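Here is what each chain is made of, one letter per residue.
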Amino acid sequence: RINFDPPGAAFNGGFENFLIAKAHAFRRAVEHPMKFFRLFLVVPAMVVSVLAQPSANDVVLPEKLLPELDGILKTAVQQSPAMLNRALDIEVAEAGRIQARSNLLPSLNGSISYYKSNDTTKYLYSNAPSSNSSNSYLVTKTPYNLTLSQPVFYWGQRRNLDRIGAIQQQIAKGQYRDGYRQFAQELRATYLRLILQKIGVQRAQFYLKFAQSQLKEQEDRLLKKEISDAQIFVTRTSAEQAQIAAERADYDFVSARASFARMAGIGEVADSAIPDIIPATTYDAATFDRLLAEFISQKDPPTTEAEVLRQQIKVENLNLANAKTRLRPTINATFGLSKDEQNNLYGQGLNYSVASVYGGLSLNWAIFDGFASRAAVRSTLAGRRRLENNYLQVTQRLAQDAQTQVKLINFAARNMDICDRLFVSNTGYLQTAKDDFKRGVRSEAEVSQIQITLYDAEINAVTARSEYLTRVGDFLGTIMGDPVVANLPQQ
């Protein structure tokens, strides 16, 4: 009988180990004819087990917990200043693509002139120098020319330039998508900080009320001569500091909201639009182990950085091919129409014109360019080698970065679990303290102190959740699995 491990445990060793284990199980079943019938029941279960594993789209991100953020991300792609600039980069790349393609198309040039000319004619007689004479005539000239030229044979240079333009356009589109992913990750982190700042404002305001109530009690005791001015000094100072802290927290929160609105390209963000807390989330280590195994197993990483380097290497190969043919002859096909026309020829009032319609092939050959082409080949080779070295380093770094990020996600998840448990514990402790207050066992000041402690525990829990969600977004961005790019319009 084939034994199936729980899906989570099966993937702890990576997706490849899971497939290998199932393949061995399949072989063992086939080797025993008595168990062959059971195989038809097992194979569908194997397929379902593999296909049912969560993908990057199933990983919890901030916008799945906070629907308000999802709408902001979809709006920002169209309205944010950063993405508008990115869209202009696409427009520049499209214009460059058109310019590169123009090298394959014919060119049409024309010229026409109109000018007056004072022609002087001299007659020289060697036998009778005294008979020499000259005449001046005012002549009007109107020459024009129209030429159509089509590249015929350039050893693939023009075609390579067209390919380079197409590659650069694809690079720009890839950078646009990756730029939006990075921008979305920044929006997420900023939005999570806004939630944390909002809780900080609530905590500062509550502490201010507590400090003011404590100060009022001390002021009453001072009036009754129960304490001295020296004894109330610390309480007054604490109340003043609490006032400053509350005002600063509120100012920072308002400023952060305005900055977030500008960055996202939306209107003013109201206080009510910011959630009061980041909901709790779960962590499944097997999901991230599988995603990591799939990413590392790829020969060519699908990240934008690696793809750009691959495309740039292609560009350098095309540049190298062009550099090697710089000194080879090229052929153009030329068709044209020209006419030279003038009146008052030789002062006789005669009109003169010569019209020419021509067509044919022209050969151009740069025979020697001072070793410039040789230097261009060497420079291109060096540039390609540098890109290849960079690509090797990037692939190694990406694998290391992905592994490190999975570790950081694990650390953040464990810390999040601890902070969540402490938050729940403090919540229960506050409820117990309130019950004790109702029975007269605890004072209001003690309950307030416990409430402040609960605020601190909530801030720690929200901070841990924010760190976890941010780490998840960074990892999905590294492996190009962030689903936020689905919001982008087709380019």
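What you see is a predicted model, and the numbers here were worked out from it, not measured in a lab. Think of each chain on its own: its residues are numbered from 1, step by step along the sequence as written. A pLDDT threshold of at least 70 governs which residues receive local features in this predicted model, and a stricter bar of 80 or more applies before side-chain atom pairs are shown or counted, although totals over entire chains, interfaces and linings include all residues. Computation of side-chain values covers all heavy atoms of the structure but excludes hydrogens and water.

A.B. asks: Could you clarify how one ought to interpret the nonpolar core in this entry?
C.D. replies: A general trend in soluble globular proteins is that nonpolar side chains are found buried together. The criterion is simple. A nonpolar core is a set of buried Ala, Val, Leu, Ile, Met, Phe, Trp, Tyr and Cys residues joined through side-chain atoms within 4.5 Å. Think of it in three bands: with a 1.4 Å probe and only protein chains considered, a residue is buried below 20% of the maximum accessible area for its type, exposed above 50%, and partly exposed in between. Formed by 80 residues in total, the largest nonpolar core has its most connected members in Y468 and F475. Put simply, DSSP H or I for four residues or longer makes a helix, DSSP E for two residues or longer makes a strand, and each gets a number counted from the N terminus. Considering each element in turn, this core owes the most residues, 17 residues, to helix α7 (residues 157–223). Any pair of residues with heavy atoms lying within 4.5 Å of one another is described as a contacting pair. F475 has contacts with F288, L291, L292, A402, Q405, V406 and I409, leaving out every residue within four places of it along the chain. Within the second largest apolar cluster, six residues are counted, among which are I164, I167, I171 and V315.

A.B. asks: Whenever I open this one, the pattern of salt bridges confuses me. Can you help?
C.D. replies: What counts as a salt bridge is simple: a side-chain nitrogen of Lys or Arg found within 4 Å of a carboxyl oxygen of Asp or Glu. A complete count under the given rule lists 23 salt bridges for this structure. The closest approach of N and O atoms between D162 and R101, which form a salt bridge, is 3.3 Å. Of the two residues, D162 is situated in helix α7 and R101 in helix α6 (residues 81–101); the sequence distance between them amounts to 61 residues. Among the salt bridges present, the one from E307 reaches R310, with a minimum N-O distance of 2.5 Å. In this pair, E307 and R310 are both assigned in helix α10 (residues 304–324), three residues apart and thus about one turn of the helix distant.

A.B. asks: Would you take a moment to explain the side chain of T190 for this structure?
C.D. replies: By the element assignment, T190 lies in helix α7. Setting aside residues up to four positions removed in sequence, T190 forms contacts with F260 and M263.

A.B. asks: Would you mind going over unusual backbone geometry with me for this structure?
C.D. replies: Positive phi is not limited to glycine here, since W155 has a value of about 60°. Structurally, W155 can be placed in the loop between β4 (144–153) and α7. In this structure W155 comes out as partly exposed when scored by relative accessible area, which is 35%. The phi dihedral of M480 falls on the positive side, at around 60°, and the residue is not glycine. Along the chain, M480 turns up in the segment after α12 (444–478).

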